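Below are the chains, spelled out letter by letter.
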6 protein chains.
Amino acid sequence: MQPFRFLKEAGRAVFQDRYVKRASDMLREWDGKDGGSIGIIGVPLSKSSISHSGAVFAPGVIRKMLSSYSTYSIEEDIDLLDSVITDYGDIVMHPTDIVESQKRIAETMEQLVVVHPDALLIVLGGDHSISFPAVSGFKKRWKKIGVIQFDAHHDLRNLEDGGPTNGTPFRNLIESDVLKGSHLIQIGIRDFMNSKTYTEYGKEHGISIYTMKDVRNRDIKEIIKESVQQLEKEVDAIYVSVDMDVLDQAYAPGCPAIGPGGMESASLLDAVALLGEYDIVKAMDIVEIDPTIDFRDMTSRTAAWVIMQFLKGKKKAGWI
Amino acid sequence: MQPFRFLKEAGRAVFQDRYVKRASDMLREWDGKDGGSIGIIGVPLSKSSISHSGAVFAPGVIRKMLSSYSTYSIEEDIDLLDSVITDYGDIVMHPTDIVESQKRIAETMEQLVVVHPDALLIVLGGDHSISFPAVSGFKKRWKKIGVIQFDAHHDLRNLEDGGPTNGTPFRNLIESDVLKGSHLIQIGIRDFMNSKTYTEYGKEHGISIYTMKDVRNRDIKEIIKESVQQLEKEVDAIYVSVDMDVLDQAYAPGCPAIGPGGMESASLLDAVALLGEYDIVKAMDIVEIDPTIDFRDMTSRTAAWVIMQFLKGKKKAGWI
Amino acid sequence: MQPFRFLKEAGRAVFQDRYVKRASDMLREWDGKDGGSIGIIGVPLSKSSISHSGAVFAPGVIRKMLSSYSTYSIEEDIDLLDSVITDYGDIVMHPTDIVESQKRIAETMEQLVVVHPDALLIVLGGDHSISFPAVSGFKKRWKKIGVIQFDAHHDLRNLEDGGPTNGTPFRNLIESDVLKGSHLIQIGIRDFMNSKTYTEYGKEHGISIYTMKDVRNRDIKEIIKESVQQLEKEVDAIYVSVDMDVLDQAYAPGCPAIGPGGMESASLLDAVALLGEYDIVKAMDIVEIDPTIDFRDMTSRTAAWVIMQFLKGKKKAGWI
Amino acid sequence: MQPFRFLKEAGRAVFQDRYVKRASDMLREWDGKDGGSIGIIGVPLSKSSISHSGAVFAPGVIRKMLSSYSTYSIEEDIDLLDSVITDYGDIVMHPTDIVESQKRIAETMEQLVVVHPDALLIVLGGDHSISFPAVSGFKKRWKKIGVIQFDAHHDLRNLEDGGPTNGTPFRNLIESDVLKGSHLIQIGIRDFMNSKTYTEYGKEHGISIYTMKDVRNRDIKEIIKESVQQLEKEVDAIYVSVDMDVLDQAYAPGCPAIGPGGMESASLLDAVALLGEYDIVKAMDIVEIDPTIDFRDMTSRTAAWVIMQFLKGKKKAGWI
Amino acid sequence: MQPFRFLKEAGRAVFQDRYVKRASDMLREWDGKDGGSIGIIGVPLSKSSISHSGAVFAPGVIRKMLSSYSTYSIEEDIDLLDSVITDYGDIVMHPTDIVESQKRIAETMEQLVVVHPDALLIVLGGDHSISFPAVSGFKKRWKKIGVIQFDAHHDLRNLEDGGPTNGTPFRNLIESDVLKGSHLIQIGIRDFMNSKTYTEYGKEHGISIYTMKDVRNRDIKEIIKESVQQLEKEVDAIYVSVDMDVLDQAYAPGCPAIGPGGMESASLLDAVALLGEYDIVKAMDIVEIDPTIDFRDMTSRTAAWVIMQFLKGKKKAGWI
Amino acid sequence: MQPFRFLKEAGRAVFQDRYVKRASDMLREWDGKDGGSIGIIGVPLSKSSISHSGAVFAPGVIRKMLSSYSTYSIEEDIDLLDSVITDYGDIVMHPTDIVESQKRIAETMEQLVVVHPDALLIVLGGDHSISFPAVSGFKKRWKKIGVIQFDAHHDLRNLEDGGPTNGTPFRNLIESDVLKGSHLIQIGIRDFMNSKTYTEYGKEHGISIYTMKDVRNRDIKEIIKESVQQLEKEVDAIYVSVDMDVLDQAYAPGCPAIGPGGMESASLLDAVALLGEYDIVKAMDIVEIDPTIDFRDMTSRTAAWVIMQFLKGKKKAGWI
Ligand SMILES: [Ca+2]
Ligand SMILES: [Ca+2]
Ligand SMILES: [Ca+2]
Ligand SMILES: [Ca+2]
Ligand SMILES: [Ca+2]
Ligand SMILES: [Ca+2]
Ligand SMILES: [Ca+2]
Ligand SMILES: [Ca+2]
Ligand SMILES: [Ca+2]
Ligand SMILES: [Ca+2]
Ligand SMILES: [Ca+2]
Ligand SMILES: [Ca+2]
């Protein structure tokens, strides 16, 4: 008899069905060299939020939620089992210097896209402030980039009143000349969650805005197709930024800024799967989940599905 | 250097974006004289509930939730920023005499509509029992009134078994000759939440009843148009009573009597915005939210949107 | 004056409206003899779950939730008031012998269907492992049976890796020759919640699988009609197994294995009401509700509605 | 083989150790005639509370907590197994007439002490307002009564400002001439929880007041002995009123009015056991537990122990 | 009849007993001029915490908890009713610049002590990082100051690894020459909550350290007397810093860094009351309460008592 | 500049103070060979509990809580920094065969003590049922063993009624001749938590029983000394079994069977540190923590301290 045959490393002694692989099994800790075709990176920053936010914990929880799901899509008969996601780990944040933390994000993103220029990147926030440095770093790899942002909010606040908060990333990208307003598409913008000033700023800068009324009245897939067609004429790569508060509070109870009138999760999942099918879509971030106020990690569970849908689209189209 | 330049009144030291106004900024504490065109009043009564209810806390929480939202509807390009809502405050309830509390509601409502006959009134319950005195007081201003009630329940219980509870307000209005049954329209009545006796009572008294089957199978806006057209032939003013439990438990987890099979919040929000467009609609109450059992004040957040949608409709139609 | 006129048995001193009957008033404790036309039985077993589960508490909570609802369907004008549900009580589980507990379920179900061959049976789990012994016992009454399973998962795991868990009941039924694969219909199977191996097992054994894509794209009533038509050609009785996790996490937050992408509760309620209309549908179980992690017993409330819808269908079709 | 050998009445299918009796097994539902030597009665009233309170649920929860404990005191080698507690059930409260509810308490208590003059009575509140009618009814059996009150608060508020709330019972008893101030002993009165006006009222009326400073500096048993010796010279029977908020918030987290600086539960348990040993102590109430805000029913668990300690004292002294 | 006689400003319609004043009634909003003899100021900063902390909310919650208590100490027969506490409000923090926020604290504290040199100051954190700027500002008023710190931790971490976090305030004060190590007394330092390096740093710098072993084995009042006697020989003013995590987790469940082995709240309350009696004690802060993770605001309730005890001591000794 | 200088392995990007070591840093994952002088092993079994228990999660949570504490005891000036604890990981439990799970525990413990005969072993339950196989395995190393059990309960239930549950481990050890009754010492046994039958069983078998009355009236250290002195005359090794429910519910809110009247955590911590000082004490288990119902992992935090106290005692006495 084999000795100690029932011992497993702490935390690993859970039930294992020999025929079941978990989505989290796709993750491979980065060895410092090989990047593979898909990478994931955690950005545990939420001190930059205007309101109190525990989004710092989201990278860990989203990864953990991947272990609740399998790699197989029965709807499309696609199995992601053999796909490998390089897990680059998390970026260390500075305890008392938020701007330094954001610089670390930009530096790390830049290094990643330079070293692994062909990798598809999935960035786990953190609050939405991280999209400014993340996109800035990502830009180093491409001449022109576009962004498709799912969000209830414009995130175009002025930078004077509070610095680079989670209300400002797209303003910051535009004013830093990283992103042209006309290369930004916002989907899911909601009533009573934005001030007219910033809507006007968006229009003046040529941002394409699809409000929730558009989402309710049209097929989300049509909006996505229209958006990609518009961008692919002008940019080299598209970065998708998914602020989970684009969803209705019934579907994403764990975002700091919840409310009624938002998207159903089915629409977002459809949209992301379709985005995955386009080769030009090269990166995605998922932000604004505060696990400390969520119910049973519902919002992180949906974030894990957003990742899976994105990869399902990539696999379906043959990009991975 | 200005001394004490960073001090703000306790509780006010929160982030302020110079270009953002909150919906709560529309509120002006009543100065005892001027009523303005829109008024809001809190009715913190829930000891009248059949089951244990903390709806007493809803007026405070709904007001607070207004501060989470802006005044701007991007969907309609309507900004309520310049609208002023006179906040009359709350009515003091008696700790041990529930009927006395209800008399105070009626007296206060009567005085309000007499002193400010042109004001649009928004009443924040409390449980549904408050609609009996609130509508009774409101009636003093008009010859004939109609009521459109959103509710999973008829609220037509007999008054002998428990007095004027939250199960009885519309029975009480009918039997007190404040409201004719044929001037009452109930929308969203649900299976397994009413007894046949009271449905029959409703039919005998000419109440128009739209069940959830009607809501699922028809366009809610058609139901609203039909309802207003029916009432405007016969009454001078319409009072809208919104029992938040008309919503499905997924959308209104904080009502005492939750269950499946209810309305989605998008339908209610559409309905209320449309009601706001009719000049004949003069008042609205929002009841049956118990913040002590809600999840992240979701139900109060939706109540705040109900107010905003109502005013958006009023603004759109030019009434405010 | 009658003495002690205000005393009621402990726990019964709640408000009683003389015209209102509760759904729970249909329940009659079994007298050990008469079974009546409808029976209900609790199976408090969840130690058999792969993951930690408190589904052991669901039978009690679902019964309690019946007391929150009435017997009257206003949508169909059907009152179940005079229907009697014999409550057989709960099956005593063994504290440390799970297989023994499952044997007790099989033995009890077999005795019930033998002694009361015409009774409609409603089984309250517990986790899904109980469907193996419950269907096995139920089978004793019929030559050939079919099963319609609502579930996000196949529950066709191999039995070697963990024995008769909640991941295995339908595999176990097929391999025990209780049920032919071609007599099993699975509705609501979801992406990322199953491994390809088990989908293939299902297909090889002739199981009919409707994924969530089917549910989203088709009318659920058509799926039900198609399913019953297929089965009624080949079997004598249909057992319906409702794993509540077929619902989206927004609608069934209290299931152990929650996630996005699931069914809305309205669809499930419609489906079950329609199933009730078929005479061949003779039994139903409701499983996988863990009240210890639910929000305000929402999932048990929906389970109570599933029972009511089932009986509404039966009553509508004249079977009870 | 016995058929249906594993079926038990719903809710009863729990583990039973043949050698273990639960404290709840002492309860016998009242048959309408025989009262026995110990009675228990529930008073589910908390609408009378100044602040929102769910103490209405405490009678049910305290009874349930008795099932978590056994009848055996190993410390004293006393087994209460053979003691029978007649459970008179709960008094039905009026949904909208609080004063009527209090009259029902008084009427019921009076009838109980008249019909069962020798029974020891344990009254489960509810909020502290119930002690006014409960003691008033109890008084009918005796010429002169004394009260020993455990409480952080005097409960001597004026009756004009809010009627018979939970802040007034002892004021009400004194002003109704049911109780002389000098026959009232208050133990555990705390800093910052009372106004000086009422302390002075207490002193003027001859109430004996032991503050928490007394409790901290002296042996609680000495205080009890001193109290009983003082009262037994002057009264025929002592009623003990246990407001659980006499305990520190660490020990009674489920009282509406919690705070630091209170008694440890060991002191209260010692005090009550000793009180039980005196024949002159004839009744006890336990009030001010709100199970809806408690943590794991800790406060009701302690209430169940208060009952057991009281009976342990009675048994030790041979009175039961 | 007076019109609108039952209307009160929103949120004020609560029960009022004419003879009861609340501790919060002592607070007077600052008029920008008069400082009075006692001042309170909120410092909503917790982004500086090493671990995620919601201490930003504590100033608001502690103020609110004052409304749960009265002004009267029955133990000492001292009523603080006539004392006035000038509420200077809260200091506005910068959303993304933590060091700037700390500068604002220092500037504001300095201005306060300069403008109101005789006022007793109570500072409500926030995390413990605020004590560095708060004491620095306070120092401007005095030649030499001493600090008595209640804490489980030394808070003497190096400043290189994370900047001015909540682990560093006393290190920072010493290294900035604001405070001499020998003028710092730490009480309640606990096992397994500090590294030996920092204990040694403390000893090398002459800090007086009383561990929990000292607290358990000695009378806390003796420790306080000894501490003040030591300091009053050398300094002009003593600042008391109360990190609520000095308490055991059973008594202060809402601190970020909880654990067993801590002080009972009675000891802390005794200590603070005694400190209040010394004229040389001129200021106090209360830090490290995170209301978002507390149970029923227990820790903030105790903080409110800390304030009351401090003022009780001051009143007893005749300083206010 | 070093590339990727801010990247850390997922979950590791937390603040690190260069001078602080965490207690969890003592843990070294077992390499399959070297056992070292101290070992820890997780036993995630709680399906064996009489009542629903999530103690299966305790090994993971207790380990995690070790990371909240440092290695340094300031009270004793002992630093455990250089001590290494070999973490053997967790024993894999069988999903549906509880007795098999218990056999795996016994087998693994036996192999551990045979292979590493000199190691001090710390076993993390799980429920108390694990002590039967754990002690049985441990026994293989010694001729005669003694057990000191901290518990509110005897755990001497008969084995017929439910098999080897968490109510039976010490009965099972006695009846299996692994342990003599006279070699078992129970400390903390409480009123109303045991039946007289089992107390008598304990006395008949010579078990030494210290009730909570003994604990309250005596110095816990005297009880420990007395206990060890009694055992060391008769046995070769002592196994300490710490059922955390020996603590009062205020100190251990996360045990399944909570109640008042228990030990304060300071007493338990003192007792365990003293036990650690005896060379004859060779192993310890910690059981009955259900993290799913705890408050902020308080009970697991105390368990982590129990481990640290035990090792502090060992270090103090020079055994490690
Ligand atoms: Ca955003
Ligand atoms: Ca957003
Ligand atoms: Ca209603
Ligand atoms: Ca309703
Ligand atoms: Ca299933
Ligand atoms: Ca399932
Ligand atoms: Ca009281
Ligand atoms: Ca009290
Ligand atoms: Ca500190
Ligand atoms: Ca600290
Ligand atoms: Ca035990
Ligand atoms: Ca125990």
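Residues numbered from 1 in each chain as written. Chains lettered and ligands numbered in written order. Predicted model: local features only at pLDDT ≥ 70, side-chain atom pairs only at ≥ 80, totals over all residues. Heavy atoms only, no water.

What follows covers the overall build of chain A. Within chain A, the regular secondary structure consists of 9 helices and 12 strands. In terms of C-alpha radius of gyration, chain A reaches 19 Å, essentially the compact-globule figure of 20 Å for 320 residues. Here chain A holds 320 residues, and 68% of them are scored as buried. Restricting the contact set of chain A to residue pairs at least 6 apart, pairs at least 24 apart contribute 79%. Surface summary for chain A: the accessible area is close to 10300 Å², and the carbon and sulfur share equals 46%. Charged side chains in chain A number 37 positive and 47 negative. The centres of these two groups are separated by 3 Å. (Helix = DSSP H or I, 4+ residues; strand = E, 2+ residues; numbered from the N terminus. Rg over C-alpha atoms; globule rule 2.2 N^0.38 Å. Buried < 20%, exposed > 50% of the residue type's maximum accessible area, 1.4 Å probe, protein only. Contact = heavy atoms within 4.5 Å. Areas by Shrake-Rupley, 256 points an atom, 1.4 Å probe, with all protein chains shown as cover. Lys, Arg positive; Asp, Glu negative; His and termini not counted. Charge placed at Lys NZ, Arg CZ, Asp CG, Glu CD.)

Here the focus is the interface of chain F and chain A. Each partner contributes residues to the interface: chain F has 31 residues there, and chain A has 31 residues. When chain F packs against chain A, close to 2600 Å² is buried across both sides, 68% of that on carbon and sulfur atoms. Three residues, F:Phe4, F:Phe6 and F:Leu7, lead the burial of chain F against chain A; their summed loss comes to 28% of the area buried on that side. Put simply, chain F and chain A have 2 salt bridges between them. Across the salt bridge formed by F:Arg5 and A:Glu107, the nearest N and O atoms sit 2.9 Å from each other. Here chain F is connected to chain A by 10 residue pairs in polar contact (both at pLDDT 80 or more). Tallying contributions element by element places helix H2 (residues 98-115) of chain F first for the side of chain F that touches chain A, with 7 residues. Looking at the side of chain F that touches chain A residue by residue, the classes come out as 16 nonpolar, 5 polar and 10 charged. Across 2 bridges, strand S1 (residues 7-8) of chain A lies against strand S6 (residues 85-91) of chain F in antiparallel orientation. Bridging from a neighbouring strand, A:Leu7 pairs with F:Ile91 of S6(F). (Buried area = accessible area lost by both parts, 1.4 Å probe. Salt bridge = Lys/Arg side-chain N within 4 Å of Asp/Glu carboxyl O. Polar contact = N/O pair within 3.5 Å; in protein donor to acceptor, adjacent residues only side chain to side chain. Nonpolar A, V, L, I, M, F, W, Y, C, P; charged D, E, K, R; others polar. Pairing = 2+ DSSP bridges.)

What follows is about the coordination of the calcium ion (ligand 10). Residue and element names in this part refer to chain E. For the calcium ion (ligand 10), the full set of protein donor atoms is Asp 151 (OD), His 153 (ND1), Asp 243 (OD), Asp 245 (OD) and Asp 245 (OD), and the range of their distances to it is 2.2 to 2.5 Å. As a motif over one chain, the donors of the calcium ion (ligand 10) read D-x1-H-x89-D-x1-D. A distance of 3.2 Å spans the gap from the calcium ion (ligand 10) to the calcium ion (ligand 9), which Asp 151 bridges by coordinating each metal. Here Asp 245 lies in the loop between strand S11 (237-243) and helix H8 (265-276) and His 153 lies in the loop between strand S8 (145-150) and helix H4 (169-175), a separation of 92 residues in the sequence. (Donors = N, O, S within 2.8 Å, 3.2 Å for Na, K, Ca; no water.)

Once their charged atoms are close, side chains differing in charge can pair, the charge on each being opposite to the other. For the structure shown, the criterion picks out 102 salt bridges over all chains. Note that C:Lys316 is salt-bridged to C:Glu76, the shortest N-O span being 3.5 Å. Of this pair, C:Lys316 sits in helix H9 (residues 298-316) while C:Glu76 sits in the loop between strand S4 (72-73) and strand S5 (78-79), and the two are 240 residues apart along the sequence. Among the ionic pairs, D:Arg63 bridges to D:Asp90, the shortest N-O distance being 3.0 Å. Placement of the pair is D:Arg63 in helix H1 (residues 58-66) and D:Asp90 in strand S6 (residues 85-91), with a sequence separation of 27 residues. Take D:Arg63 and D:Asp90: they sit in the same class, and that class is buried. Through salt bridges with shared partners, one network takes in A:Glu76, A:Glu277, A:Lys316 and C:Lys213.

Relating the two copies of this chain is a rotation about some axis coupled with a shift parallel to it. Overlaying chain D on chain F yields an RMSD of 0.0 Å, the required transformation being a rotation through 120° with an accompanying axial translation of 0.0 Å. The symmetry that links the two subunits is that of a three-fold axis. Relative to the rotation axis, the C-alpha of D:Ala250 is the closest in chain D, positioned 3.4 Å from it. Residue by residue, only 13% of the interface of chain D is reproduced at the interface of chain F, so the copies engage with different surfaces. (Least-squares fit on C-alpha atoms with pLDDT ≥ 70 in both.)

With that settled, consider the arrangement of the chains. Without any contact between them, chain A and chain D keep their closest C-alpha atoms 19 Å apart. Regarding chain B and chain F, which are not in contact, the minimum distance between any of their C-alpha atoms is 19 Å.

On to the coordination of the calcium ion (ligand 11). All names here are of chain F. Protein coordination at the calcium ion (ligand 11): the donors are His 128 (ND1), Asp 151 (OD), Asp 151 (OD), Asp 155 (OD), Asp 155 (OD) and Asp 243 (OD), at 2.1 to 3.2 Å from the metal. Coordination geometry of the calcium ion (ligand 11): the 6 donor atoms subtend angles of 43 to 174° at the metal centre, consistent with an arrangement described as irregular. Within one chain, the residues serving as donors to the calcium ion (ligand 11) are arranged as H-x22-D-x3-D-x87-D. Between the calcium ion (ligand 11) and the calcium ion (ligand 12) the interatomic distance amounts to 3.2 Å, and Asp 151 serves as a bridging ligand to the pair. Since its relative accessible area comes to 0%, Asp 151 is described here as buried. (Tetrahedral: all angles 85-135°; square planar, octahedral: opposite > 155°, others 65-115°.)

Here we come to unusual backbone geometry. The omega angle of the peptide bond from C:Gly125 to C:Gly126 is 15°, so this bond is cis rather than trans. Although it is not a glycine, B:Asp155 adopts a positive phi angle of roughly 60°. Within the secondary structure, B:Asp155 sits in the loop between strand S8 (145-150) and helix H4 (169-175). The phi angle at E:Arg296 is positive, at roughly 50°, despite the residue not being glycine.

Turning chain F through 180° and shifting it by 0.0 Å along the axis lays it on chain A, with an RMSD of 0.0 Å. Expressed as an axis order, the relation between the two copies is that of a two-fold axis. Across chain F, the smallest distance between a C-alpha and the rotation axis is recorded for F:Gly11, namely 7.2 Å. Mapped onto chain A, 100% of the interface residues of chain F are again interface residues, and the two copies thus contact each other with one and the same surface.

Residues and elements named next belong to chain A. UniProt's feature table lists "binding site: Mn(2+)" (unreviewed entry) at His 128, Asp 151, His 153, Asp 155, Asp 243 and Asp 245, given in the numbering used throughout. Across 118 residues of sequence, these annotated residues stay compact in space, with a maximum C-alpha separation of 12.1 Å. If you trace the backbone, His 128 turns up in the loop between strand S7 (120-125) and helix H3 (131-139). Dropping the residues within four chain positions of it, His 128 is found in contact with Gln 149, Asp 151, Asp 155, Asn 166, Pro 169, Phe 170, Ser 241, Asp 243, Val 287 and Glu 288. Within the local environment of His 128, its side chain forms a polar contact with the side chain of Asp 155, the two groups lying 2.9 Å apart. For His 153, the contacting residues outside a window of four places in its chain are Ile 189, Met 193, Asn 194, Asp 245 and Ala 257. (UniProt positions renumbered as here; feature names shortened; annotations may be inferred.)

Turning our attention to the pairing of strand S11 (residues 237-243) of chain C. Residue and element names in this part refer to chain C. Of all 7 residues in S11, 7 are buried, a share of seventy percent or more. Burial of the side chains of S11 extends over both faces: Ala 237, Tyr 239, Ser 241 and Asp 243 are buried on one face and Ile 238, Val 240 and Val 242 on the other. Sheet topology places S11 next to strand S12 (residues 281-287); 6 bridges connect them, and they run parallel. The residue bridging Val 242 from the neighbouring strand is Ile 286, located in S12. Handedness of the crossover joining S11 and S12 through helix H8 (residues 265-276): right-handed. (Right-handed = clockwise from strand over helix to strand, strands pointing away.)

This part takes up the interface of chain D and chain F. Each partner contributes to the interface: chain D provides 30 residues, whereas chain F provides 39 residues. Overall, the association of chain D and chain F removes approximately 3100 Å² of surface from exposure, summing both partners, and the carbon and sulfur fraction of that is 58%. Taken as a group, D:Ile74, D:Glu75 and D:Arg296 account for 23% of the area that chain D buries against chain F, more than any other trio of residues on that side. There are 6 salt bridges connecting chain D and chain F. As a salt-bridge pair, F:Lys213 and D:Glu76 come within 3.3 Å of each other at their nearest N and O atoms. Linking chain D with chain F are 22 residue pairs in polar contact (both at pLDDT 80 or more), by the criterion used here. Contributing elements (two or more residues each) for the side of chain D that touches chain F: strand S4 (72-73), helix H8 (265-276) and helix H9 (298-316) of chain D. Top contributing element to the side of chain D that touches chain F by residue count: H9(D), with 7 residues.

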